[in-house]
Amino acid sequence: MQSVCCEGEKAGMLRLILLCHAATDATRQARFPGDEPIEERERRRLAIWNPSLPARMGHLFLSPELRVWQTAEVLRLPERAEQTEITATLADLEYGTWRGRTLADCAQTMGDAVQSWIKDPDAAPHGGESVSALLSRVSNWLDGVAEHSGGYVMAVTHPAVMRAAVIHALGAPVEAFWRIDIAPLSRVEMNAGGGGWQLRGIIPAHHEPE
């Protein structure tokens, strides 16, 4: 696999790479996810995909969902890490009773609830987790990661978690959460330093695994 240069390591700077898991049936059908595996065709394609990722890293964080572990496993990421940790802090947003349903279906049958969820970051009409709660746990996790020494730290996680990380890094208003598009296998890259996080970029998976 191609690896990125280690300029962050040379400068003693901590670099964080957040990678979105590969596509699942729920992703393709625009359904609120449960704990689905990645698609079998994605598994085959990932095995020969060449993303630009570090050849080594100090710490690899994984959310507990199956689709995340499978993505990391096929890309052989744990083999590159000095330490691998599964943490619920990076779990996907909990969608409660909406799990398995499409947003369009929910909007048609409970439009007021969907609008409340989108407009009010503290709302959780599905009985799951609010956007505010997600932002809080991701922000706390980032604050802890910033204490790591220089080099690369990587996490494989979910679009919602990565949106929350971008919001935290930029100090953006919570309303911006809905304006950030994170597709499967996209990356968010950040540097820690100067008492905060600097967003290096959001890198889409331009080249689909083939």
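On a predicted model such as this, the values are computed, not experimentally measured, just so you know.

For the rest of this paragraph, the subject is the side chain of His21. Along the polypeptide, His21 turns up in the loop between β1 (14–20) and α2 (25–28). If we skip the residues at most four places from it in the chain, His21 touches Thr27, Arg67, Val68, Thr71, Val156, Thr157, His158, Pro159, Pro184 and Leu185.

Below, the discussion takes up the pattern of salt bridges. Under the counting rule described, the total for this entry stands at 14 salt bridges. Salt-bridge contacts for Arg41 lead to Glu39; the nearest nitrogen and oxygen are separated by 3.3 Å. Arg41 gets classed as partly exposed once you look at its relative accessible area, which sits at 39%. Look at Glu39 and you get buried, because its relative accessible area is 10%. Here Glu189 ties to Arg200 by a salt bridge, and the two come within 3.9 Å at their closest N and O atoms. Taken together, the residues Glu189 in strand β5 (residues 187–193) and Arg200 in strand β6 (residues 196–203) connect sequence positions 11 residues apart. Glu189 gets classed as buried once you look at its relative accessible area, which sits at 10%. Arg200 gets classed as partly exposed once you look at its relative accessible area, which sits at 42%. When salt bridges that share partners are traced, they join Arg28, Glu39, Arg41, Glu42 and Arg45 into one network.

On the secondary structure map, Glu175 appears in the loop between α8 (159–170) and β5. Using a relative accessible area of 45% as the deciding quantity, one classes Glu175 as partly exposed. It is 7.8 Å that separates the C-alpha atoms of Glu175 and Lys119, two residues lying 56 residues apart in sequence.

A separate point is the pairing of β1. The buried fraction of β1 amounts to seven of the seven residues, a majority that puts the element mostly inside the structure. Residues of β1 alternate between two faces, with Leu14, Leu16, Leu18 and Cys20 on one and Arg15, Ile17 and Leu19 on the opposite face, all of them buried. Of the pairings in the sheet, the one linking β1 to β5 comprises six bridges and is antiparallel in character. What sits directly across from Leu18, in β5, is Val188.

Our focus in this paragraph is the environment of Val166. Relative to the elements of secondary structure, Val166 occurs in helix α8. For the pair Val166 and Phe177, spaced 11 residues apart in sequence, the C-alpha separation works out to 8.5 Å. Those residues in contact with Val166 that lie beyond four places of it in its chain are Ile180, Val188, Leu199 and Ile202.

Here the focus is unusual backbone geometry. Unusually for a residue other than glycine, Ala30 sits at a positive phi of about 55°. Within the secondary structure, Ala30 sits in the loop between α2 and α3 (40–46). For Ala30, a relative accessible area of 52% gives the class exposed. Even without glycine at this site, Arg76 takes up a positive phi of about 60°. As for its placement among the helices and strands, Arg76 is situated in the loop between α4 (66–74) and β3 (81–86).

What counts, and where the lines are drawn
Residues numbered from 1 in each chain as written. Predicted model: local features only at pLDDT ≥ 70, side-chain atom pairs only at ≥ 80, totals over all residues. Heavy atoms only, no water. Helix = DSSP H or I, 4+ residues; strand = E, 2+ residues; numbered from the N terminus. Contact = heavy atoms within 4.5 Å. Salt bridge = Lys/Arg side-chain N within 4 Å of Asp/Glu carboxyl O. Buried < 20%, exposed > 50% of the residue type's maximum accessible area, 1.4 Å probe, protein only. Pairing = 2+ DSSP bridges.

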